[in-house]
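Chains, contacts and geometry: an overview
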Amino acid sequence: MEEEGKYIKYHGLLCPKETHSEDSLKYLEGFNMRDDDVIAITYPKSGTTWMQEILPLILNGGDLTPVQTIPNWARVPWLEETRAAQVMDKLTPPRLMVSHMPYDLMPPSFFSSKAKVIYVARNPKDVMVSSYFFHQMATFLDDPGTFEEFLDKFLAGQVLFGKWTDHVKSWRKADLGDRILHITYEEMVEDLKGAVRCISDFLGQKMSEETLEKVVSHCSFNTMKTNSMSNYSLVPQEVLDTKKSNFLRKGISGDWKNHFSPEQEAKFSTVIKEEIRGSDIKFPWDEEPL
Ligand code: PPS
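To keep things clear, this report deals only with the structure shown in the data block. This structure is a prediction, so every number in the text was calculated from the model and none was measured.

**Quick word on the overall build of the protein**
Looking only at helices and strands, the protein has 14 helices and seven strands in total. Over its C-alpha atoms the protein spans a radius of gyration of 18 Å, differing by no more than 12% from the 19 Å that the globule rule assigns to 290 residues. As presented, the protein carries roughly 13,100 Å² of accessible surface, and 51% of it is formed by carbon and sulfur atoms. Charged side chains of the protein number 34 positive and 44 negative; the gap between the two group centres comes to 1 Å.

Set out below in structure tokens:
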């Protein structure tokens, strides 16, 4: 593993040193995945924090205690981050976790287990915008430069966890049968109730209409924004500078339209479409004209 400024390079992927170390990445490799584990996989800025809220609520029958008393990074830890080794053994089964890893870098035990996976994808244009503002606030990441510069870096994969297209393609080709549920951030924005129902069905959890309503209400953007266990307000200002941006920033689909010029949009779409071509991936945002 090489170090590069504020990052560790893991199989060519940039991981921030603030939250990753050689030890944490070795922990990932040797991780003993259990059959009843549940893992949400995301490319950064695609809905990780949202899943860290939704999953415990579903698995705890709508009990708000975990999401109101335990910070999201401890209640549903990242498999590859330094905190994992400290908190994983304290989780009551089924263990809930998240990861930004591409399919091929999952630990060997994952492939032989029956652990369930929820893959959340988001329109890469909105991912890029969200990431651009996150790089402005996160002092442990490189300054993103201009919007145009960051866009070029994003397309080249010189950003956290590499190319968006490589990530989504790796998980689409994943041979996991009914162990995996694919869902999009956009579907969750459009119909959160339907998305929560779909996730709870996938996890085999029966939920009354009343519990479903409670979970949906608690996972709304506005409620999560005021939950100190989920809005990153526990992180010092020197690490996440809220004068520059908020972690829970806008929570909408299509914010890219407020930031991309027509030329940037054309360039971005051309590269992404070219790289996705040949795979059978269809996303809700694909229907949009260039
Ligand atoms: S990270 O750093 O990878 O963990 O970031 P991640 O949590 O994946 O993505 C952050 C974006 O998700 C938005 N978010 C939500 N949107 C709608 N509703 C809810 N409840 C919600 N929770 C988190 C968050 O606002 C970031 O998107 P942007 O576009 O920046 O607002």
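**A word on the pattern of salt bridges**
Under the counting rule described, the total for this entry stands at 18 salt bridges. Between Asp152 and Lys267 there is a salt bridge, with its nearest N and O atoms 2.8 Å apart. Of this pair, Asp152 sits in helix 8 (residues 147-156) while Lys267 sits in helix 14 (residues 262-276), and the two are 115 residues apart along the sequence. Here Asp152 falls in the partly exposed class, since its relative accessible area comes to 34%. A residue is classified by how much of its surface remains accessible, and Lys267, at 30% relative accessible area, is partly exposed. Close ionic contact of Lys243 with Asp241 constitutes a salt bridge, the shortest N to O distance being 3.9 Å. Looking at Lys243, the relative accessible area reads 70%, which means it is exposed. On the accessibility criterion, Asp241 (13% relative accessible area) is buried. Each of Glu148, Asp152 and Lys267 takes part in salt bridges that share partners, so that together they form one network.

**As for the layout of surface pockets**
The space that makes up the largest pocket amounts to roughly 810 Å³. Together, 40 residues line the largest pocket, and Lys45, Thr49, Phe134, Tyr232 and Phe247 are the ones closest to its centre. Looking at the lining of the largest pocket, the elements with two or more residues in it are helix 2 (48-59), helix 7 (124-137), helix 10 (185-190) and helix 13 (221-226). For the lining of the largest pocket, the leading source of residues is helix 2, giving three residues.

**Let's talk about the site of the ligand**
Lining the immediate surroundings of the ligand are 21 residues, of which Thr48, Thr49, Ser130, Tyr185 and Lys250 lie closest. A distance of 3.1 Å separates an oxygen atom of the ligand from a polar atom in the backbone of Ser46. Residue Ser130 places a side-chain N or O atom 2.7 Å away from an oxygen atom belonging to the ligand. More than half of the atoms belonging to the ligand lie within 2 Å of the grid points that define the largest pocket. No other element matches the three residues that helix 2 contributes to the shell around the ligand.

**Remarks on the sheet that holds strand 1 (residues 2-4)**
A sheet is described by the order of its strands in space; here three strands give the open sequence 1-2-3, paired in antiparallel fashion. Each edge of the open sheet is held by one strand with a lone partner, namely strand 1 and strand 3 (13-16). Strand-to-strand twist of the sheet, defined as the mean angle between neighbouring strand axes without regard to direction, takes the value 40°. Pairing of strand 2 (residues 7-10) with strand 3 involves four bridges; the strand directions are antiparallel.

**Overview of the environment of Trp50**
Inspection of the secondary structure assignment puts Trp50 in helix 2. With 225 residues separating them in the primary sequence, Trp50 and Glu275 have C-alpha atoms 28 Å apart. Residues within four places of Trp50 in sequence aside, it is in contact with Tyr185, Met188, Val189, Leu192, Cys219 and Met224.

**Some points on the pairing of strand 7 (residues 180-184)**
A large share of strand 7 lies buried, amounting to four of its five residues. Pairing between strand 6 (residues 116-121) and strand 7: five bridges, direction parallel. Note that in strand 7 the partner of Ala121 across the bridge is Thr184.

**A few points about the packing of helix 7 against helix 8**
Where helix 7 contacts helix 8, the axes come no closer than 10 Å and their chain directions differ by 120°. It follows that helix 7 is oblique to helix 8 by the angle criterion. The two elements helix 7 and helix 8 meet at a crossing, and its hand is right-handed. In this structure, helix 7 contributes Pro124, Val127, Met128, Val129, Ser131, Tyr132 and His135 to the contact, and helix 8 contributes Phe147, Phe150, Leu151 and Phe154. Class assignment for the residues of the contact of helix 7 with helix 8 results in nine nonpolar, two polar and no charged.

Each value, and the rule that gives it
- Residues numbered from 1 in each chain as written.
- Predicted model: local features only at pLDDT ≥ 70, side-chain atom pairs only at ≥ 80, totals over all residues.
- Heavy atoms only, no water.
- Helix = DSSP H or I, 4+ residues; strand = E, 2+ residues; numbered from the N terminus.
- Rg over C-alpha atoms; globule rule 2.2 N^0.38 Å.
- Areas by Shrake-Rupley, 256 points an atom, 1.4 Å probe, with all protein chains shown as cover.
- Lys, Arg positive; Asp, Glu negative; His and termini not counted.
- Charge placed at Lys NZ, Arg CZ, Asp CG, Glu CD.
- Salt bridge = Lys/Arg side-chain N within 4 Å of Asp/Glu carboxyl O.
- Buried < 20%, exposed > 50% of the residue type's maximum accessible area, 1.4 Å probe, protein only.
- 1 Å grid on protein atoms, 1.4 Å probe; cavity = no way out; pocket = protein on both sides within 12 Å on 5 of 7 lines; lining within 4 Å.
- Points joined across faces, edges and corners; volume = space filled by probe spheres on them.
- Near = heavy atom within 4 Å.
- Polar contact = N/O pair within 3.5 Å; in protein donor to acceptor, adjacent residues only side chain to side chain.
- Sits in = over half its atoms within 2 Å of the grid points.
- Pairing = 2+ DSSP bridges.
- Axes fitted to C-alpha atoms, helices over the stretch in contact; angles between N-to-C directions.
- Contact = heavy atoms within 4.5 Å.
- Parallel < 35°, antiparallel > 145°, perpendicular 65-115°, else oblique.
- Left-handed = near helix turned anticlockwise from the far one by under 90°.
- Nonpolar A, V, L, I, M, F, W, Y, C, P; charged D, E, K, R; others polar.

The analysis is restricted to geometry; functional conclusions fall outside its scope.
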